[in-house]
Amino acid sequence: AHASNYDAMTGLPNRRSMTVRLEEAAAQAARRPDNSFTVMIADIDHFKAVNDTFGHAAGDRVLHAVARALELTLREYDLCARWGGEEFLLLFPACEMESAAAVAERLRRSVLEAPGAGDGVPAPSISIGYTLHRPGESVDATLQRADEGLYKAKAAGRNCCRGL
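Presented here is a report on the structure given in the accompanying data block. This is a predicted model, so every value here is computed, not measured.

1. Here's the deal with unusual backbone geometry
One non-glycine residue, Arg-158, lies in the positive phi region at around 70°. Examined against the element boundaries, Arg-158 turns out to sit in the loop between α6 (139-155) and β5 (161-163). Backbone geometry at Asn-159 places phi at a positive 55°, although glycine is not the residue there. In this structure, Asn-159 sits in the loop between α6 and β5. The partly exposed category is assigned to Asn-159, whose relative accessible area is 28%.

2. Here's the deal with the state of the cysteines
Enumeration according to the criterion identifies zero disulfides in this entry. Looking at the unpaired Cys-95, the closest cysteine sulfur is the one in Cys-161, lying at 12 Å. The exposure class of Cys-95 is buried, given its relative accessible area of 4%.

3. Some remarks on the pairing of strand β1 (residues 37-44)
Counting buried residues along β1, eight of its eight residues qualify, which places the element largely inside the surrounding structure. Covered by surrounding structure in β1 are Phe-37, Val-39, Ile-41 and Asp-43 together with Thr-38, Met-40, Ala-42 and Ile-44, the residues of both alternating faces. Pairing of β1 with strand β3 (residues 87-93), which is carried by seven bridges, proceeds in the antiparallel orientation. Bridged to Ile-41 within β3 is Leu-89. Note: β1 against strand β4 (residues 126-132), seven bridges, orientation antiparallel. If you follow Val-39 over to β4, its bridge partner there is Thr-131.

4. With respect to helix α5 (residues 97-113)
Counted at 1.5 Å a residue, the expected span for α5 with its 17 residues is 24 Å, and the 24 Å between its end C-alpha atoms agrees. At its buried positions, α5 is contacted by β1, α4 (56-73), β3, β4 and β5.

5. Thoughts on the packing of aromatic side chains
Inspection of every chain in the model, using the stated rule, returns zero aromatic pairs. The aromatic ring of Trp-83 is capped on one face by Arg-15, whose charged end is 4.0 Å from the ring centroid.

Definitions and limits used
Residues numbered from 1 in each chain as written. Predicted model: local features only at pLDDT ≥ 70, side-chain atom pairs only at ≥ 80, totals over all residues. Heavy atoms only, no water. Helix = DSSP H or I, 4+ residues; strand = E, 2+ residues; numbered from the N terminus. Buried < 20%, exposed > 50% of the residue type's maximum accessible area, 1.4 Å probe, protein only. Disulfide = S-S within 2.5 Å. Pairing = 2+ DSSP bridges. Expected span 1.5 Å × (residues − 1). Contact = heavy atoms within 4.5 Å. Phe/Tyr/Trp six-rings, centres within 6.5 Å; stacked < 30°, edge-to-face > 60°. Lys NZ or Arg CZ within 6 Å of the ring centre and 35° of its normal.

In structure tokens, the structure reads:
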């Protein structure tokens, strides 16, 4: 059961596990619209270059370092999952958009300040897109909007956060 719900590389919940939690959060928000949540997608900047230049073992160390930095920044009831490749999905219950910008910036800084992967590998940075789940919308629509925020952060030069 553990292997089917957690990522072996990072120890974080995996996409399957997070999908279940997102659907639960959306169902709860549908019952109580004042009980919404924020979703963030974080992507490691220039990750392919790390793998190409320093090898996949170095890339694995970067993934692990970023996962730890994100996880250590969360509240007890927040959730961070490895979404795929070098992407992480974060779920923040009871986090309004006003607070989300500060939370996203805190996550971005925690990755920059975390111990790196060593062996000359540059310290990683992340780009973050975030959004508030809207009452009555599908989880897919929420995720699409967070992904659009991530693309805006990448287009703005990376190592930044954008909310929609």
